[in-house]
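Each chain, letter by letter, is given below.
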Amino acid sequence: MFLGKALRECKMQNAECKKRRKAKLRLIFFAFCILHFAFLTACRQKMAVQPRYDPLEPSDFFADHMGARPRVAGTVARGEVAIGGFLATGKVGTVDGDGYPFPVTAAVMNRGQERFNIYCSPCHGRLGDGNGMIPARGYRRPPSFHTDALRTAKTGHFFDVMTNGFGAMPTYAPQVSVQDRWAIIAYVRALQLAHNATVNELTPEERGKLP
């Protein structure tokens, strides 16, 4: 009889422990849900529902009550720099110009070689003959700079092609600045000159540097 009573009390205690354990687990779960919800709400408040103005929305903050603000004086939007003339277009009037908008120095030539090797040689080749690694892998082969047509082409033509693209070649205006385009043209002219040059055209000093 005593043993039976002890077993009943032990079962009751075990049942009570199980209830308390389940209650603690529920509380932990609810606390986790609340914290998780609060965390997500805080992130959403900062990222997705941050204070902002919709287009043409009125504002009580600014004196003119306009949410859309004018540009700061003396600034321009990207891509809207108002430059023109031969430097920026390569044209004189509506036709391709020739020559350069600034003196071609050794520094300009070195810059042109660097930019050419980065942006142009993958298709046109280091020598400008159109045998770059990209056409060697199946892409459309560009014309050689050493054809009569391109040897006699005006510098403005090369500038226009780099700026606006031509055939399979896309525009390189976003990658290559206006000044660098002219530097590349100067280097292309150097490649054309070197391709058809003879030893007799070199000075004795230059001949001495040949291997």
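Just above sits the structure.
The structure displayed is predicted, hence computed values, not measured ones. (Residues numbered from 1 in each chain as written. Predicted model: local features only at pLDDT ≥ 70, side-chain atom pairs only at ≥ 80, totals over all residues. Heavy atoms only, no water.)

1. Some remarks on a nonpolar patch on the surface
Here is step 1 of the chain: Together, Met133, Ile134 and Tyr139 make up a nonpolar patch on the protein surface, roughly 290 Å² of accessible area in all.
Here is step 2 of the chain: Looking at the element boundaries, methionine 133 is found in the loop between helix H3 (106-124) and helix H4 (148-151). (Patch = residues over 30% accessible without salt bridge, like charges linked within 9 Å, V, L, I, M, F, W, Y side chains within 5 Å. Areas by Shrake-Rupley, 256 points an atom, 1.4 Å probe, with all protein chains shown as cover. Salt bridge = Lys/Arg side-chain N within 4 Å of Asp/Glu carboxyl O. Helix = DSSP H or I, 4+ residues; strand = E, 2+ residues; numbered from the N terminus.)

2. A short note on the pattern of salt bridges
Here is step 1 of the chain: According to the stated counting rule, one finds six salt bridges in the structure shown.
Here is step 2 of the chain: Across the pair arginine 52 and aspartate 54 runs a salt bridge, and its minimum N-O distance is 2.3 Å.

3. Description of the state of the cysteines
Here is step 1 of the chain: Tallied over the full model, the rule gives zero disulfides.
Here is step 2 of the chain: Among the cysteines around cysteine 120, which has no disulfide bond, cysteine 123 carries the closest sulfur, lying 9.1 Å off.
Here is step 3 of the chain: Relative accessible area serves as the criterion here: at 19%, cysteine 123 is assigned to the buried category. (Disulfide = S-S within 2.5 Å. Buried < 20%, exposed > 50% of the residue type's maximum accessible area, 1.4 Å probe, protein only.)

4. What to know about helix H6 (residues 178-195)
Here is step 1 of the chain: Its 18 residues give H6 an end-to-end C-alpha distance of 26 Å, which sits within 8% of 26 Å, the value for a rise of 1.5 Å per residue.
Here is step 2 of the chain: Judged by how many residues are buried, H6 sits mostly within the fold: 13 of 18 residues are covered. (Expected span 1.5 Å × (residues − 1).)

5. Examining H3
Here is step 1 of the chain: For H3, with 19 residues, the first-to-last C-alpha span of 23 Å runs short of the 27 Å given by 1.5 Å per residue.
Here is step 2 of the chain: At asparagine 117, H3 shows its maximal bend, which comes to roughly 50°.
Here is step 3 of the chain: For H3, every residue scored as buried is listed here: Val108, Gly112, Arg115, Phe116, Cys120, Ser121, Pro122, Cys123 and His124.
Here is step 4 of the chain: Packed against the buried residues of H3 are H6. (Bend = angle between axes of the 7 residues up to and from the residue. Contact = heavy atoms within 4.5 Å.)

6. Re the environment of tyrosine 172
Here is step 1 of the chain: Mapped onto the elements of the fold, tyrosine 172 is located in the loop between helix H5 (155-164) and H6.
Here is step 2 of the chain: Sequence separation between tyrosine 172 and cysteine 120 is 52 residues; the distance between their C-alpha atoms is 9.7 Å.
Here is step 3 of the chain: With residues up to four places along the chain from it excluded, the contact list for tyrosine 172 reads Tyr119 and Met162.

7. Thoughts on the packing of H5 against H6
Each pair of packed helices gets described by two things: the angle between the helix axes and the distance between those axes.
Here is step 1 of the chain: Running from N to C, H5 and H6 cross one another at 130°; their axes reach a closest spacing of 10 Å. One finds that H5 runs oblique with respect to H6. Along this stretch, H5 crosses H6, giving a crossing that reads as right-handed. Judged by residue contacts, Thr155, Phe158, Phe159, Met162 and Thr163 of H5 engage Val178, Arg181, Trp182, Ile184, Ile185, Val188, Arg189 and Gln192 from H6.
Here is step 2 of the chain: Classifying every residue of the contact of H5 with H6 by side-chain character gives eight nonpolar, three polar and two charged. (Axes fitted to C-alpha atoms, helices over the stretch in contact; angles between N-to-C directions. Parallel < 35°, antiparallel > 145°, perpendicular 65-115°, else oblique. Left-handed = near helix turned anticlockwise from the far one by under 90°. Nonpolar A, V, L, I, M, F, W, Y, C, P; charged D, E, K, R; others polar.)

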